[in-house]
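Here's the letter readout for the chains.
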Amino acid sequence: MAKYPFETIEPKWQKYWEDHKTFKAEEDPSFPKDKRAYVLDMFPYPSAQGLHVGHPEGYTATDIYCRYLRMKGCNVLHPMGFDSFGLPAENYAIKMGVHPAKTTADNIEHFRRQIKALGFSYDWDRELATSDENYYKWTQWIFLKLFEKGLAYEAESPINWCPSCKTGLANEEVVDGLCERCKTRVVRRRIRQWILKITAYAERLLDDLDGLAWPEPVKQMQRNWIGRSEGANVVFKIDGHTGPDGGPLELEIYTTRPDTLFGVTYMVLSPEHPLAETITSPAQKAAVSAYLEEAAKKSDLERTDLAKTKTGVFSGAYAVNPVNGGKIPVWIADYVLISYGTGAIMAVPAHDERDWEFAKTFNLPIIPVVSSSPPKGGKAPLAPDPRSAGSSASPLPGGSAPKPPSGGIEIGNGEAVSECTTAEGWSINSGPFSGLPTAEAKAKVSSWIEEQGFGRKAVNYKLRDWIFSRQRYWGEPIPIVHCDTCGIVPLPEKDLPLKLPDVRSYAPTGTGESPLAAISGWVNTVCPKCGARAKRETNTMPQWAGSCWYYLRYLDPHNKETFAAPDKQEYWGPVDLYVGGVEHAVLHLLYSRFWHKVLYDFGLVKSKEPFIRLVNQGMITSFAYQRGDKTLVSADQVEKISEGRFIEKESGEEVTEVIAKMSKSLKNIINPDDIVRDYGADALRVYEMFMGPLEVSKPWSTAGLTGVSRFLERLWAIAEKCRPDSPESVVEPAVEPAVSDNCVRLLHKTIKKVSNDTATLNFNTAISQMMIYSNELAKLGEVPCSLWEPLVIMASAYAPHLGEELWERLGHSESVSRRAWPVWDETLAADNEVTIVVQVNGKIRDKFTAPAGTPKADLEKTAGALPGVLKWTEGRTVVKVISVADKLVNLVIT
């Protein structure tokens, strides 16, 4: 087969599409609502490295789908832009000594060239970049709407701090205790921050997940992150301390198990809790101060690791258990986070694993209050006074309590506690609530504490408010002014955008302040409210800000009066299909949903959710090398010693070849530019879709491109056998008599399968079917247009450059993308043969093919004579035969 000249074909058609604006989307009212489609890729961050072959996977999938929809008569919006603000751009610029505006512009140009070289049908007139001042004007405007609604507030709070990036990080940006970007160990710091009150929308963010056509694992990740739980808030008084109102100082905790209140043996405050230092006794002050300093160095993940040894320090204070008046010690420990509940817990070591480990470490009492067995005779057991239970063990810290007796800790009724049990059961040692099943005990204790006035039923969320500000330069300036007289003052809309100053030094200060703080000419301003001297906010927004709403700006990217005109939103919105990586399941998707709901509450958007359907493409992986300790070594540090055997050059240690994520550090990135140069863009596109189902991760193999290239070359060769019937040939002319009936049937089966598979994003099986059909056409001496043109149209969605060229060679003047998608005749597409499964006593023993619609009696006769069946029925009696037309025959024997 002749190699088709992709080197000249692909640039030719890319220029044609650009010159003719072939894929420009317009709000044509003649298209009904059900014939409009908004298909969106998660836009890329334009890194200096450019694309690798994993990036085009999702882009190719949406491009094929969009081309298919257009040929099915839909008006399609398919835009592209760049998520261009953020920490990586700034770090790279600092490293290279070039302003981030310049490096970002260069990177965008590089990305744009790479993307256009792959033939994607984007409407480039709608391109946007989040760092463009005409774009971030509206990001700032939305921030002011959040501020107006009381959803943006300033507070000094403990945050995750990256010592390398010198900025604060949201919880979602910390992975395994490391900065998501630079992999530096994260520590805790308390600094001034802007925070968005996403928790105000927790319930709606949770409830509205049910109506979304999203992968269930993604919805579950969001549910888990939001973390709704039902329980009670309970107030414990701190013994000997007076509160601000002159009454006893109170400590409020949240618990999901109010039924275990009788089992509380100590309290724990998080190191950041405002009472941690207030209630500390003079004798414990030095120890507490030292502990707080150490705790500040740990990330939340490290602190809550179940495998680590529990640490803590006694405050010297005691709380009073409101259910029984018992005094219990108050400890400070880092396994309790300020970000969950109230930042303090009641510890029930008999029924919480972390509390159990802590109690064992510090020799604290353990009182079981839940039994796995119901009370005998259905009556509640007699319970000892919980205030005296476990009295053999002192609540004082520091090792002064006696050691627990062998086999567990003795409690008042002689029962020993040898292990922690977290399961529900029946209450014991719980006064009047003893004997109740857990669910009933929860409800009754919750009602009782409300009646008594020291608690209330409550709903809690693990979701925390969003730490929104960053102490860096390359981000959206926050449009706020600080005035000594007026306080926090928002900028008027007429003053937007508040532009970043053009400066030479933008390195982070590391002091907790942004580099903007040192630019006095920019910082010093006047209050827009009173005209007095004021200072601008110097923190900037995080990278997530611009990506929270970009899908809306695509609808109306050049509008200077509003972020997106209502008629444009009405025409296109919301997004029908959104495709991107599962790594954005919590961060970007949750934040976007939050902003969208705020805009909905203002009446600025019409839908409650931004993305109707979500598809996560699988990762395209590469190969790396793994040492014996499971750490990875980069490809350039490895030497092959024999087939399948490799050693690390420096150490001489033998390493194993494994599948791993493509990364710069592992030197295993495949550059799509190289593949386009050697095989062509169409080959890259078809190969990535042919590798396997879209949602599944697949290892890259450049050798696999060979088979795809042969398929494209076969199409090129078949074109030599086909001549157009007329300058405007039709897809379904009369079929030439010489053509076999099998080819016609195969054509219609192919149209049906490719249509259905493309519509459902099953691209790999669609390609397989086109390969099968092209093999049959290649066998013909001459190929009629009626058999060839439908394949060209379908293949053009997958290999658009080749498709356009083949279409032009058939004598057509208009782009193939304007052609109608072929239709199939169901009578010709129907399978005329079916596979019949034959079972003996329900187990598959053989199978055979038969014409569709074969009578059951004939199926049963054939089945009984099969060798695989005779082996099992010989000498046995067939007592019953069960047949299902066109599917199976089951022989029941004795």
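See above for the structure.
A. Representation of the packing of aromatic side chains in the model. Under the definition given, this model contains 41 aromatic pairs. Note on W331 and F358: the rings are 5.4 Å apart at their centroids and 90° apart in plane angle, and the pair reads as edge-to-face. Pair noted here: W331 is in strand β12 (residues 327–332) and F358 is in helix α10 (residues 353–362), with a separation of 27 residues, a long-range link. Chaining the aromatic ring pairs together yields one cluster made of F143, F147, W194, W466, F468, W544, Y591 and W595. Here K145 stacks its cationic end above the ring of F602, 4.6 Å away from the centre of that ring. The ring centre of W716 lies 4.5 Å from the NZ or CZ of R809, which sits over that ring.

B. The sheet that holds strand β3 (residues 152–162), seen in detail. Taken together, four strands build an open sheet; the order of strands is β4-β3-β7-β19 and the sheet is antiparallel. Because the sheet does not close on itself, it has two edges, and the strands there are β4 (167–169) and β19 (466–467). Against the sheet, helix α5 (residues 133–148) touches β3 and β7 (187–196), its axis set at about 90° to β7.

C. Local environment of the environment of G81. Position of G81 among the secondary structure elements: in the loop between β2 (75–77) and α3 (87–96). Taking the C-alpha atoms as reference, G81 lies 8.4 Å from W124; in sequence the two are 43 residues apart.

D. A look at the sheet that holds strand β32 (residues 833–840). Sheet architecture is open: four strands sit in the order β33-β32-β35-β34, paired in mixed fashion. On the outer flanks of this sheet lie β33 (843–851) and β34 (878–884), each paired with one strand and no other. Looking at each pair of strands side by side, their axes are set apart by 20° on average, direction ignored. Across six bridges, the pairing between β34 and strand β35 (residues 888–893) is antiparallel. Bridging across to β35, K880 finds its partner in V892. Along the sheet, helix α25 (residues 856–864) contacts β32, β33, β34 and β35; its crossing angle with β33, the most-contacted strand, is approximately 125°.

E. Spotlight on the nonpolar core. Counting residues in each nonpolar core, the largest one holds 151 residues, and the members touching the most others are F143, W466, W595, W700, L712 and W788. In terms of residue count, the dominant contributor to this core is helix α22 (residues 785–798) (10 residues). Filtering out sequence-adjacent residues up to four positions away, W788 remains in contact with L715, I718, A719, C722, L777, V783, L806 and L810. If you look at the next biggest cluster of nonpolar residues, it comprises 56 residues, including F314, I328, W331 and I367.

F. Structural view of helix α17 (residues 672–679). The complete set of buried residues in α17 reads P672, I675 and V676. An end-on view of α17 places all buried positions within 100° of arc, on one side of the element. On its buried face, α17 sits against α1 (6–20), α4 (100–116), α18 (681–690) and α19 (705–719). Positive phi shows up at G680, right after α17, with a value of about 100°.

G. Layout of the pairing of strand β8 (residues 228–242). In this structure, β8 lies alongside strand β18 (residues 455–461), joined through seven bridges in antiparallel fashion. If you follow S229 over to β18, its bridge partner there is N460. Sheet topology note: the β8/strand β9 (residues 248–255) ladder contains seven bridges and is antiparallel. Residue pairing in the sheet places K237 in a bridge with E250 of β9. Examined bridge by bridge, β8 and strand β11 (residues 313–320) share two bridges and lie antiparallel to one another. Each residue of the ladder has a partner; that of I238, found in β11, is A319.

H. View of the packing of helix α21 (residues 763–778) against α22. Where α21 meets α22, the closest approach of the two axes is 11 Å, and the angle between their N-to-C directions is 150°. Comparing their axes, α22 and α21 come out roughly antiparallel. Crossing of α21 over α22 shows left-handed handedness. On α22, the residues that touch F763, A766, I767, M770, Y773, S774 and L777 of α21 are L787, W788, L791, M794, A795 and Y798.

I. Expanded view of helix α8 (residues 285–295). Buried residues of α8: V288, Y291, L292 and A295, and no others. Looking straight down α8, one finds that the buried residues subtend no more than 100° of arc, so they occupy a single side. What points out from α8, more than 90 degrees from its buried face, is the exposed set A286 and E293.

J. Region of interest: the pattern of salt bridges. Applying the stated criterion across every chain yields a total of 46 salt bridges. Note that E148 is salt-bridged to K145, the shortest N-O span being 3.3 Å. Here K145 and E148 lie together in helix α5, a separation of three residues that amounts to about one turn. Taking relative accessible area as the criterion, E148 reaches 53% and is therefore assigned exposed. We note a salt bridge from R192 to E154, for which the minimum N-O separation is 2.4 Å. Taken together, the positions of R192 in strand β7 and E154 in strand β3 put the pair 38 residues apart, joining distant regions of the chain.

K. Layout of the environment of G475. Position of G475 among the secondary structure elements: in the loop between β19 and β20 (480–483). Here the alpha-carbon distance between G475 and A545, two residues 70 residues apart in the chain, equals 9.0 Å. Leave out the neighbours within four places in its chain, and G475 touches F85, L500, T540 and M541.

Definitions and limits used
Residue positions are counted from 1 within each chain, in the order its sequence is given. The predicted origin of the model limits local features to residues at a pLDDT of at least 70 and limits the giving and counting of side-chain atom pairs to 80 or more, whereas totals for whole chains, interfaces and linings rest on all residues. Only hydrogens and water are removed before side-chain values are computed, so all heavy atoms of the structure are retained for them. Ring pairs shown here join Phe, Tyr and Trp side chains whose ring centres sit within 6.5 Å, with only the six-membered ring taken for Trp; geometry is labelled stacked below 30 degrees between planes, edge-to-face above 60, and tilted in between. What counts as a helix is a DSSP run of H or I of at least four residues, what counts as a strand is a run of E of at least two, and both are numbered from the N terminus. Our definition puts a charge over a ring when NZ of Lys or CZ of Arg is within 6 Å of the ring centre and also within 35 degrees of the ring normal. Only strands joined by at least two bridges in the DSSP assignment are considered to pair. In what follows, a contact means two residues having at least one pair of non-hydrogen atoms within 4.5 Å. The axes used here are C-alpha line fits, helices contributing only the stretch in contact, and every angle between their N-to-C directions lies in the interval 0 to 180 degrees. For our purposes a nonpolar core is just a set of buried Ala, Val, Leu, Ile, Met, Phe, Trp, Tyr and Cys residues, chained together by side-chain atoms within 4.5 Å. Exposed residues in this analysis have more than 50% of their type's maximum accessible area, buried residues have under 20%, and partly exposed residues fall in between, with area computed by a 1.4 Å probe over protein chains only. Here the arc refers to the directions that run from the helix axis out to each C-beta atom. Angular relationships are summarised with four words: roughly parallel below 35 degrees, roughly antiparallel beyond 145, roughly perpendicular across 65 to 115, and oblique for the angles in between. Helix crossings get a hand from a simple test, with the near helix turned counterclockwise from the far one by less than a right angle marking a left-handed crossing and a clockwise turn marking a right-handed one. We define a salt bridge as a contact between a side-chain nitrogen of Lys or Arg and a carboxyl oxygen of Asp or Glu at a distance within 4 Å.

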